[in-house]
Amino acid sequence: MALRKIVTLPNPVLKRKAHPVNRFDRDLQTLVDDMVETMREAPGVGLAAPQIGLAERVIVVEYYEREEDEENEDARKKVWAVINPEIVKASEETLLGVEGCLSIPGLLGEVERHAEVHVRGLNRHGKPMKIKARGWLARIFQHEIDHLNGILFPDRAVRVWQQKQEVEQEQEF
Ligand code: ZN
């Protein structure tokens, strides 16, 4: 495994639509492992392939599976790697939250997101998978899938501002 360099604005790869993945070979396994390592090192709770300079539809997420686990000291975060992810269902209910992005250091923004989404995609071996996410986990998936379409959080934010102190880990994805 190796750390990859996280690219930042104004790198044009961040504004491009990424390509679907159709080969589940050794290179993809290495990419997924490297993305998990890079996300943890950052540290952040999600990472999309364009953030390491690759216009491919691959995301990784590491967060609590259930909302109630955020308050549970014994709960552990779960890791998802999703290839060609798609939001197939989204709640009408939305939530405002403060997001940052590893590719836009120092900027925060308040973004309205669906409170619940169903994400469909393929796992790292090409098998179909479906994830039902609520709350912050749903926000992370929406943020990462936006990256695959060249959309960054300031494009959706109701307001943005520069943060002088360090940004919290859970706000970086
Ligand atoms: Zn981001």
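This structure is a prediction, so every number in the text was calculated from the model and none was measured. (Residues numbered from 1 in each chain as written. Predicted model: local features only at pLDDT ≥ 70, side-chain atom pairs only at ≥ 80, totals over all residues. Heavy atoms only, no water.)

Q: Can you walk me through the coordination of the zinc ion in this structure?
A: Coordination angles at a metal have ideal targets, namely 109.5 degrees for four tetrahedral donors and 90 or 180 degrees for six octahedral donors. Donor atoms from the polypeptide that bind the zinc ion are Cys101 (SG), His143 (NE2), His147 (NE2) and Phe173 (O), placed at 2.1 to 2.3 Å. Every donor counted, the four donor atoms about the zinc ion form angles of 86 to 144° at the centre, which fits irregular coordination. (Donors = N, O, S within 2.8 Å, 3.2 Å for Na, K, Ca; no water. Tetrahedral: all angles 85-135°; square planar, octahedral: opposite > 155°, others 65-115°.)

Q: It is not clear to me how the packing of aromatic side chains should be interpreted in this structure. Could you clarify?
A: For the coordinates displayed, the defined rule picks out three aromatic pairs. Seen from their ring centres, Trp80 and Phe141 are 5.9 Å apart, and the 70° between their planes marks the pair as edge-to-face. With Trp80 in strand 3 (residues 78–90) and Phe141 in helix 2 (residues 135–148), this residue pair connects regions lying 61 residues apart in the sequence. The same class applies to Trp80 and to Phe141, which are both buried. Summarising the aromatic geometry, the rings of Trp136 and Phe173 are spaced 6.1 Å apart at their centres and angled 80° between planes, so their arrangement reads as edge-to-face. (Phe/Tyr/Trp six-rings, centres within 6.5 Å; stacked < 30°, edge-to-face > 60°. Helix = DSSP H or I, 4+ residues; strand = E, 2+ residues; numbered from the N terminus. Buried < 20%, exposed > 50% of the residue type's maximum accessible area, 1.4 Å probe, protein only.)

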